[in-house]
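Examination of the molecular architecture
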Amino acid sequence: MKIFFRYLVRYVEGVHNGRIFKPFLKKKDHMEKQKLFTFTSNQSLSLTRLSDSMHKNLFVICIDFALNAITTHGKTKKAEPVKVCITGAAGQIGYSLVYMVGSGAVFGTNTPVVLHLLDIAPMMGVLNGVCMEISDCALPCVRELYLLMTQQLPSKILMQLFLLGQCPAKKGQALDQHAKKSVKVLVVGNPANTNALICSKYAPSIPKENFSAMTRLDHNRAQAQISQRLGIPVADVKNIIIWGNHSSTQFPDVSHAIATVEGKDVPVYDAVKDSDWLKGDFITTVQKRGAAVIQARKLSSAMSAAKAASDHMHDWWHSTPEGKFVSMGVFSDGSYNTPEGVMFSFPVTLKNKQWTIVQGLPIDQFAQGKLDITGKELCEERDEALAVCKE
Ligand SMILES: NC(=O)C1=CN([C@@H]2O[C@H](COP(=O)(O)OP(=O)(O)OC[C@H]3O[C@@H](n4cnc5c(N)ncnc54)[C@H](O)[C@@H]3O)[C@@H](O)[C@H]2O)C=CC1
Ligand SMILES: O=C([O-])CC(=O)C(=O)O
């Protein structure tokens, strides 16, 4: 059985620093990639070349220098592999996330995955090393592994986009052209909310509900803070909400959160009994946690970001349990007086691979003030990004 493939086909161009992604939209509809291996039952190895036509249903996107998990699914038969693309896969978050996806933590240990790992040309050596390690992990879920390479654009363009903010428009175009319409996109690369918005705008054929921005890390951070404060397991804290932007204006809100203390479900406010802390230090700790990790590690959060990306995609794929909601950056429909048309983090439930914003939660004056601040910031970011895209 031939299981080692190595071939190149042009598909996408990107740019270092991730500010641009330029697919060959006017050229050939094919991609630059290397298929590194396919595992088969006997795991033997050999070489062959494949034609482009075998990969018509493959889709790839690079959202900035971010990391995104993109999955196709449709009428999934049992054991049909899930195709996953991770861009910026040679980076820090990629290093942890690739393992999590490959180990079955996201789509299930009985669901095979076809991994497409994408990065820029200078990172191909590193990415190759990641691929070697994934191979060495001998993960039963990993059926095929592709290495994808973007191409460099002139640094002049990089500079412009770097200075003017980020515009993942071309990446959206690539998705529009190549992805299945059921593709689910998670944007992690900052500014995650606005990157997701712009990407979706340039992929009009894909339902906007299929784009999301990651605020799950903030959600998990808030959950951990509460569990530590109460001395209970994290699993005994649920329904925390991150409202708004993945930035320091986000509003971590525990007004509707429940803690299980000594076997009883109680509102977190009643369990903690310290509203000054909940309205003060707790919020700022979560808002500034990313910066605190950077200060300590001299690198941004990576392991926890990968775990959050896994959680986000896991819940999208498997649904949220009854009575539980999670935080996700999704298109605002104006719920809770938020600005429509920005990618706003809401409490959502997930079912049948669709998200629904939890409705009807009472919002007091304190919360409304926080929602207004983060909503305003998202509008400003959106306007700035759209202005850049017009240029
Ligand atoms: N939403 C969230 O909660 C969080 C977001 N982040 C963001 O996630 C992003 C990635 O973080 P790290 O993995 O730590 O960064 P990193 O710098 O370690 O990795 C980024 C990777 O993207 C690659 N890349 C750059 N341009 C590319 C292009 N055009 N196409 C494909 N790949 C490209 C780079 O070569 C690099 O391998 C950053 O934007 C970071 O700010 C980080 C933590 C949390
Ligand atoms: O700014 C960054 O790259 C890190 C980040 O988003 C976070 O840790 O929340």
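So, here is what we can say about the structure in this document. (Residues numbered from 1 in each chain as written. Chains lettered and ligands numbered in written order. Predicted model: local features only at pLDDT ≥ 70, side-chain atom pairs only at ≥ 80, totals over all residues. Heavy atoms only, no water.)

A few words now on the site of ligand 2. In the region of ligand 2, the neighbouring residues are Asn190, Arg221, His246, Gly290, Ser300 and Ser301. Contacts to ligand 2 include Arg221, whose side-chain N or O atom sits 2.7 Å from an oxygen atom. Separating an oxygen atom of ligand 2 from a side-chain N or O atom of Ser301 is a distance of 3.2 Å. Considering ligand 2 on its own, with 270 Å² of exposed area, one finds that the protein chains cover 70% of that surface. Residues belonging to the shell around ligand 2 are distributed by class as follows: no nonpolar, five polar and one charged. (Near = heavy atom within 4 Å. Polar contact = N/O pair within 3.5 Å; in protein donor to acceptor, adjacent residues only side chain to side chain. Areas by Shrake-Rupley, 256 points an atom, 1.4 Å probe, with all protein chains shown as cover. Nonpolar A, V, L, I, M, F, W, Y, C, P; charged D, E, K, R; others polar.)

Glancing now at the packing of helix H1 (residues 92-103) against helix H11 (residues 303-318). Direction vectors running N to C along H1 and H11 enclose 40°, while the axes themselves pass 8 Å from each other. Judged by the angle between their axes, H1 and H11 are oblique. In this structure, the crossing between H1 and H11 has a hand that is right-handed. Contacts between H1 and H11 involve Ile93, Ser96, Leu97 and Met100 from the first element and Met303, Ala305, Ala306, Lys307, Ala309 and Ser310 from the second. Among the residues forming the contact of H1 with H11, the class breakdown is seven nonpolar, two polar and one charged. (Axes fitted to C-alpha atoms, helices over the stretch in contact; angles between N-to-C directions. Helix = DSSP H or I, 4+ residues; strand = E, 2+ residues; numbered from the N terminus. Parallel < 35°, antiparallel > 145°, perpendicular 65-115°, else oblique. Left-handed = near helix turned anticlockwise from the far one by under 90°. Contact = heavy atoms within 4.5 Å.)

Before going further, it helps to examine the pattern of salt bridges. With the rule as written, the count across this model stands at seven salt bridges. The shortest N-O distance in the salt bridge between Arg221 and Asp218 comes to 3.5 Å. Of this pair, Arg221 and Asp218 both sit in helix H6 (residues 216-230), three residues apart, which is roughly one turn of the helix. The same class applies to Arg221 as to Asp218, namely buried. A salt bridge links Lys376 to Glu380, with the nearest nitrogen and oxygen atoms 3.0 Å apart. Placement of the pair is Lys376 and Glu380 together in helix H12 (residues 365-390), with a separation of four residues, close to one helical turn. Given the relative accessible area of 55%, Lys376 is considered exposed. (Salt bridge = Lys/Arg side-chain N within 4 Å of Asp/Glu carboxyl O. Buried < 20%, exposed > 50% of the residue type's maximum accessible area, 1.4 Å probe, protein only.)

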